[in-house]
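# Structure assessment
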Amino acid sequence: MKLAISNIAFGEDQQAALKCVSQSGVEGLVIAPPTIWSDLPEITNFSERERKDRLKTMEREAKEYCKCLGGLGLTVVGLQSLTYSTKDMALFGSDNERERLAKHLEAQAILAGNLGADSMAFGSPGLRNPGELNGEQAMERAAELFGRVAIAAHDNNTQIAFEPLSGYGNKFVESLEQAGELTDRINHPGFGIHPDTAAMFGAEDTPEDLASLIRNHRDSVRGIDASAPELKRLSLAPEVPQGGYMDALREANYDGWVSIEMRGPLNPKVLKEEIEIFKKQCGLAA
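Residues numbered from 1 in each chain as written. Predicted model: local features only at pLDDT ≥ 70, side-chain atom pairs only at ≥ 80, totals over all residues. Heavy atoms only, no water.

## Concerning the packing of helix α3 (residues 95-115) against helix α4 (residues 135-155)
- α4 packs onto α3 with a crossing angle of 25 degrees between their chain directions and a minimal axis gap of 9 Å. By the angle between their axes, α3 is roughly parallel relative to α4. Of the two possible hands of crossing, α3 and α4 adopt the one that is right-handed. Residue-level contacts link Asp95, Arg98, Glu99, Leu101, Ala102, Lys103, Leu105, Glu106 and Ala109 of α3 to Arg141, Glu144, Leu145, Phe146, Arg148, Val149, Ala152 and Ala153 of α4.
- The residue makeup of the contact of α3 with α4, split by class, is nine nonpolar, no polar and eight charged. (Axes fitted to C-alpha atoms, helices over the stretch in contact; angles between N-to-C directions. Helix = DSSP H or I, 4+ residues; strand = E, 2+ residues; numbered from the N terminus. Parallel < 35°, antiparallel > 145°, perpendicular 65-115°, else oblique. Left-handed = near helix turned anticlockwise from the far one by under 90°. Contact = heavy atoms within 4.5 Å. Nonpolar A, V, L, I, M, F, W, Y, C, P; charged D, E, K, R; others polar.)

## With respect to the pairing of strand β2 (residues 28-31)
- Alternating residues of β2 divide into Gly28 and Val30 and Leu29 and Ile31, and every residue in both groups is buried.
- Pairing of β2 with strand β3 (residues 75-79), which is carried by four bridges, proceeds in the parallel orientation. Residue pairing for β3: Ile31 is matched across the bridge by Leu79.
- In terms of handedness, the path from β2 via helix α2 (residues 48-70) over to β3 forms a crossover that is right-handed. (Buried < 20%, exposed > 50% of the residue type's maximum accessible area, 1.4 Å probe, protein only. Pairing = 2+ DSSP bridges. Right-handed = clockwise from strand over helix to strand, strands pointing away.)

## Some words on empty space enclosed by the protein
- Counted under the stated rule, the structure contains one cavity of 30 Å³ or more.
- Approximately 100 Å³ is the volume found for the largest cavity.
- Put simply, the parts of the chain that give the lining of the largest cavity at least two residues each are β3, β4 (119-122), β7 (223-226) and β8 (257-260).
- Of the residues contributing to the lining of the largest cavity, the split by class is six nonpolar, six polar and three charged. (1 Å grid on protein atoms, 1.4 Å probe; cavity = no way out; pocket = protein on both sides within 12 Å on 5 of 7 lines; lining within 4 Å. Points joined across faces, edges and corners; volume = space filled by probe spheres on them.)

## Quick look at the sheet that holds β3
- A sheet is described by the order of its strands in space; here eight strands give the open sequence β6-β5-β4-β3-β2-β1-β8-β7, paired in parallel fashion. Across the chains shown, the open sheet's two edge strands, defined by having one partner strand only, are β6 (191-193) and β7. Strand-to-strand twist in this sheet, taken as the mean axis angle between neighbours without regard to direction, amounts to 35 degrees.
- Sheet strands touched by helix α5 (residues 176-186): β5 (160-162) and β6. Its angle to β6, the strand with the most contacts, is close to 165 degrees.

## A few points about the nonpolar core
- By size, the foremost hydrophobic cluster in this structure holds 85 residues, and its most contacted members are Phe146, Phe172, Leu182 and Leu271.
- Ranked by residues supplied to this core, first place goes to α4 with ten residues.
- Residues within four places of Phe146 in sequence aside, it is in contact with Leu91, Leu105, Phe122, Ile160, Phe162, Ile186 and Phe191. (Core = buried A, V, L, I, M, F, W, Y, C linked by side-chain atoms within 4.5 Å.)

## Description of the side chain of Asn7
- Locating Asn7 in the fold gives a position in the loop between β1 (2-6) and α1 (14-23).
- For Asn7, a relative accessible area of 2% corresponds to the buried category.
- Excluding residues within four positions of it along the chain, Asn7 makes contact with Gln14, Leu29, Val30, Ile31, Ala32, Thr35 and Ile36.

## Digging into the pattern of salt bridges
- Under the defined criterion, the tally for this structure stands at 17 salt bridges.
- Its salt-bridge partner being Glu48, residue Arg51 comes within 3.6 Å of it at the nearest N-O pair. Taken together, the residues span about one helical turn, with Arg51 and Glu48 both in helix α2 at a distance of three residues.
- Since its relative accessible area comes to 38%, Glu48 is described here as partly exposed.
- A single salt-bridge network, built from bridges that share partners, covers Glu136, Glu140, Glu181 and Arg185. (Salt bridge = Lys/Arg side-chain N within 4 Å of Asp/Glu carboxyl O.)

## So, the packing of aromatic side chains
- Applying the stated criterion across every chain, the model contains seven aromatic pairs.
- Where Phe92 meets Phe172, the ring centres are 5.0 Å apart and the plane angle is 80 degrees; that geometry is what we call edge-to-face. With Phe92 in the loop between β3 and α3 and Phe172 in the loop between β5 and α5, this pair connects stretches of sequence that are 80 residues apart. Of the two residues, Phe92 and Phe172, both sit in the buried class.
- Summarising the aromatic geometry, the rings of Phe122 and Phe162 are spaced 5.5 Å apart at their centres and angled 40 degrees between planes, so their arrangement reads as tilted. Of this pair, Phe122 sits in strand β4 while Phe162 sits in strand β5, and the two are 40 residues apart along the sequence. Phe162 carries the same exposure label as Phe122, and that label is buried.
- An aromatic cluster is built from Phe92, Phe122, Phe146, Phe162, Phe172 and Phe191, whose rings are joined through pairwise contacts. (Phe/Tyr/Trp six-rings, centres within 6.5 Å; stacked < 30°, edge-to-face > 60°.)

## Topic: α5
- Leu176, Ala179, Gly180, Leu182, Thr183 and Ile186 are the residues of α5 that are buried. The arc enclosing the buried residues of α5, seen along the axis, measures out at 165 degrees, which places them on a common side. Opposite the packed face of α5, turned more than 90 degrees from it, sit the exposed residues Glu177 and Asp184.
- Among the residues trailing α5, Asn187 stands out with phi positive, at a value near 50 degrees. (Arc of directions from axis to C-beta.)

Below is the structure:
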């Protein structure tokens, strides 16, 4: 296992936060793209020419950003908050809403490839309400859209990874088992699963369930979030068995990224404390 952290925890002084996590033994960074590219939520509204020009500029900016991170011994390993502040998109909406969502995720795949990110985590509970669709219909429609995005992801050496979510108003793919079913339907290397410890705990997915998922879908899991309900500090949610889930990953010989996910802003002192508590709780190297 390799340790990463999400930049949604950082305060205004990004450089201080990056230096802190680097010195705390973190090697990977998961980023919410709008924290760096503020116009990204609007890219689907651009004309095709404007969109291509903006993506080309972002390619150069992504390389510069990675170079700066490299100086701190950090690398971008994942993207999250893919649909933050977007409008008129829905997984089970109208044809136009579905098309806009697919195009937006395809643009994210290009950015992920430029950053060298292994995967892009799709959470977005507000965009995945199946409404009147039955389970089979919802699975089929999701497989259709994400099968398309998976091709773009694979072409850019990354993976779109669906996050099972319990709570947050989510009504589609709440458990690891359901995520595995969607993955089997799509059956493409550009699509995967992004487990989350708080979500697993809420869905009553046990550490043994996680180990089984890794063994049965090893190539589909490149990143896992260690989180607490409502993305509060991990130390404030001792009920989530972070250590048990990490033991399950070791048992299954998982060698991907584990990313600490907390909502900020948190100052560097708190970031360091939370990282050290997590490492101790999970038996990770000091």
